[in-house]
Amino acid sequence: MKGDYQDLVDEISALLGAPATLENRDFRLIAFGAHDGDDDAAMDPVRTRSILTRQSTAAVRSWFEGFGIARATGPVRIPAAPDAGVVRGRLCLPVRYRGIVQGYVWLLDPESGPDAGPGPAALAAAMEVAERVGVLLAEEAKAGADLSREFRAALTADRGWQRDMALTALRTALGADGDGLHAVVCVTPWPGEVPGSVPGAAAVCVVPWPWPGRASGPDRGGPDRAGSDQATSGRGASGRAASAGRAGSGRAADHPGGRPDTRSGDRSAAGTGAGGSGGVDGDPGPGQAALAVLVRLRSADSVAPVEALASRLLPRPATPTGPVAATAGVAEPRRGLTTLGDAWAEAAAAARAASAQPRLGQVARWSAIGPYRLLASLAAGRGQDPSTRVLLDATHRELARTAEVFLDCAGQAGRAAAALGVHRQTLYYRLGRVEQLTGLDLDEGEDRLLLHMSLKAARLD
């Protein structure tokens, strides 16, 4: 169908004597006419960006929509707006089907003035071609909606016969693509509806977040309950403060060939605590949504195109300097749909890990998230042990951050103090307080493991 769009865009370009660009109603690029000749003005910044990034900026979209193109039934001339990056005027041909806008054909307006550019006959012929484009877009949208429904059902169905039926329906809807090589992508939080076009995607849908298979954990409880749990955890707090010095300068610190600290981008070192009842900063909460994408792959050895697609799908901030809270996860490639549920779990876990750990970047692969592969398999809220719950209270955020940095630094007091920007004695004092609150002994490997896992799991809850 992509070839059909290209043929129609080339036909419009020939009729109007200028290279045309076709975008869907979400301003995502579908096809564009060839730029012939030496006229560099035909490649203004907006057209160049649309071709290179396959989408227009929010400022450009707002400027164009302000001229009523979504309601127009005929060609619309739009003047230049240098402040929005539109350095040349545009001629817009709305692409409609049964009165509903499906997309837009764009051309640079060659002249200024109402009588410049293509004549009425050429514009009328181009609008007839645009109607044929509208039919194709509407048919594709209907097929995409059917696939989206089947894909969503396959991801959210309960295990057993319901999921088996959903997978069978999705495989039937995909045809030959159903047995091909795929990778699943999760983008969360997702702010809107299913995008009109995702190049390279076999199926796209929006699902609830957290997804139905992710269980809700028990109530975390407050400090009072945590104190009660601590009392029965099997370890007393007495004498732990005195061992803080040993924890900070013991065997781990003296181990030869210690690895350099590669976690300078870790949120814990940047000053945001792992603790607190709010969980991970930016982690999607109940009532939000995630975008699921089933991406076709040519080779399991090259998933770079999938990561690039995921990056393009990330919602852009409202302003150039605004925060970008969304993250994306990419599952390992698989052939066929038999393990689609596992692939979605991997993609969702990688997206959660990217939200929890900034050093992973906004797009994370399942194979690259390290310990979060194991931690993400825990049901929500179940990563908290009774002995560590009190430390995760918001009132002890600084102690939780100190403990996490210390453990991230393999128990090396010098590295941890430098990362925190504190004196060693301050570090030892804080670690003593951690031992008093949790009843754990930071000279014991298993206690360190428990505390480290709890702090990392808290980022995902």
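From a predicted model like this one, the values you see are computed outputs, not experimental measurements. (Residues numbered from 1 in each chain as written. Predicted model: local features only at pLDDT ≥ 70, side-chain atom pairs only at ≥ 80, totals over all residues. Heavy atoms only, no water.)

## Topic: the overall build of the chain
Within the chain, the regular secondary structure consists of 17 helices and eleven strands. Counting the 461 residues in the chain, one finds 48% classified as buried. A fraction of 72% describes how many contacts in the chain between residues 6 or more apart in sequence connect residues 24 or more apart. A total accessible area of about 21400 Å² is found for the chain, and carbon and sulfur atoms account for 52% of it. (Helix = DSSP H or I, 4+ residues; strand = E, 2+ residues; numbered from the N terminus. Buried < 20%, exposed > 50% of the residue type's maximum accessible area, 1.4 Å probe, protein only. Contact = heavy atoms within 4.5 Å. Areas by Shrake-Rupley, 256 points an atom, 1.4 Å probe, with all protein chains shown as cover.)

## Notes on the pattern of salt bridges
Under the criterion given, the structure shown has nine salt bridges. Close ionic contact of Glu65 with Arg61 constitutes a salt bridge, the shortest N to O distance being 3.1 Å. Residue Glu65 and its partner Arg61 are located together in helix H3 (residues 58-65), separated by four residues, close to a single helical turn. Among the salt bridges present, the one from Glu398 reaches Arg430, with a minimum N-O distance of 3.3 Å. With Glu398 in helix H14 (residues 397-408) and Arg430 in helix H16 (residues 424-438), this pair connects stretches of sequence that are 32 residues apart. (Salt bridge = Lys/Arg side-chain N within 4 Å of Asp/Glu carboxyl O.)

## As for the packing of aromatic side chains
A full pass over the atoms with the stated rule returns five aromatic pairs. Aromatic side chains Phe27 and Tyr104 sit 5.4 Å apart centroid to centroid with 40° between the ring planes, which places their arrangement in the tilted category. Of this pair, Phe27 sits in the loop between strand E1 (21-24) and strand E2 (29-32) while Tyr104 sits in strand E5 (residues 100-108), and the two are 77 residues apart along the sequence. The same class applies to Phe27 and to Tyr104, which are both buried. With a centroid separation of 6.2 Å and an interplanar angle of 35°, the aromatic rings of Phe27 and Trp106 are classed as tilted. Of this pair, Phe27 sits in the loop between E1 and E2 while Trp106 is found in strand E5, placing the two residues 79 residues apart along the sequence. Accessibility assignment for this pair places Phe27 and Trp106 in one class, buried. (Phe/Tyr/Trp six-rings, centres within 6.5 Å; stacked < 30°, edge-to-face > 60°.)

## Observations regarding the nonpolar core
Ranked by internal contacts, the top residues of the largest apolar core, which has 27 residues, are Phe151, Leu294, Leu340 and Trp344. At the level of secondary structure, the elements contributing two or more residues to this core comprise helix H4 (120-156), helix H5 (161-174), strand E6 (181-188), strand E7 (201-209), strand E8 (288-296) and helix H11 (340-356). Sort the elements by how many residues they give to this core and H11 lands first, with six residues. Ignoring sequence-local partners within four residues, the contact set of Leu294 consists of Phe151, Leu174, His182, Ala183, Val184, Ala201, Ala202, Ala203, Leu337 and Leu340. Leu392, Cys409, Val434 and Leu455 belong to the second-largest nonpolar core, a separate cluster that totals 24 residues. (Core = buried A, V, L, I, M, F, W, Y, C linked by side-chain atoms within 4.5 Å.)

## Notes on the sheet that holds E2
With antiparallel pairing, five strands are arranged side by side in an open sheet as E2-E1-E5-E4-E3. The two strands at the open ends of the sheet, each matched to only one other strand, are E2 and strand E3 (76-78). With direction set aside, neighbouring strand axes in the sheet form an average angle of 25°. One ladder, built from three bridges, connects E3 with strand E4 (residues 90-97); its direction is antiparallel. Bridge assignment links Val76 to a residue of E4, and that residue is Cys92. (Pairing = 2+ DSSP bridges. Axes fitted to C-alpha atoms, helices over the stretch in contact; angles between N-to-C directions.)

## Thoughts on the environment of Thr402
Tracing the chain through its elements places Thr402 in helix H14. Taking the C-alpha atoms as reference points, Thr402 and Ala416, separated by 14 residues in sequence, lie 8.0 Å from one another. Non-local contacts of Thr402, meaning those with residues more than four positions away in its chain, are made with Leu420, Leu427, Arg430 and Leu431.

## Structural notes on the packing of helix H15 (residues 413-420) against H16
Close contact between H15 and H16 brings their axes to 9 Å; oriented N to C, the two are set at 100°. Between H15 and H16, the crossing angle belongs to the class labelled roughly perpendicular. Between H15 and H16, the residues in contact are Ala413, Gly414, Ala416, Ala417 and Leu420 and Arg424, Leu427 and Tyr428, respectively. (Parallel < 35°, antiparallel > 145°, perpendicular 65-115°, else oblique.)

## Observations concerning a nonpolar patch on the surface
A cluster of nonpolar side chains, Leu374, Leu449 and Met453, forms an exposed patch at the surface whose accessible area comes to about 290 Å². On the accessibility criterion, Leu374 (57% relative accessible area) is exposed. (Patch = residues over 30% accessible without salt bridge, like charges linked within 9 Å, V, L, I, M, F, W, Y side chains within 5 Å.)

## A closer look at the pairing of E1
Neither face of E1 is open: one carries Thr21 and Glu23, the other Leu22 and Asn24, and all of them are buried. Taking the residues that link successive antiparallel strands as the turn, the E1-E2 hairpin has four residues, and the phi of Phe27 there is positive, at about 65°. Two elements, E1 and E5, share four bridges in a ladder whose sense is antiparallel. Across the sheet, Leu22 pairs through a bridge with Val105, a residue of E5.

## Focus: the environment of Ala201
Secondary-structure assignment places Ala201 in strand E7. A relative accessible area of 14% places Ala201 in the buried class. Taking the C-alpha atoms as reference points, Ala201 and Val184, separated by 17 residues in sequence, lie 9.6 Å from one another. The contacts of Ala201, once residues within four sequence positions are left out, are Val293, Leu294, Val295 and Arg296.

## With respect to the packing of H14 against H16
Two elements in contact, H14 and H16, have axes whose closest approach is 9 Å; the angle formed by their N-to-C orientations is 105°. On the basis of their axis angle, the class for H14 and H16 is roughly perpendicular. In this structure, H14 contributes Glu398, Leu399, Thr402, Ala403 and Phe406 to the contact, and H16 contributes Leu427, Arg430, Leu431, Arg433, Val434 and Leu437. Considering only residue class, the contact of H14 with H16 consists of seven nonpolar, one polar and three charged. (Nonpolar A, V, L, I, M, F, W, Y, C, P; charged D, E, K, R; others polar.)

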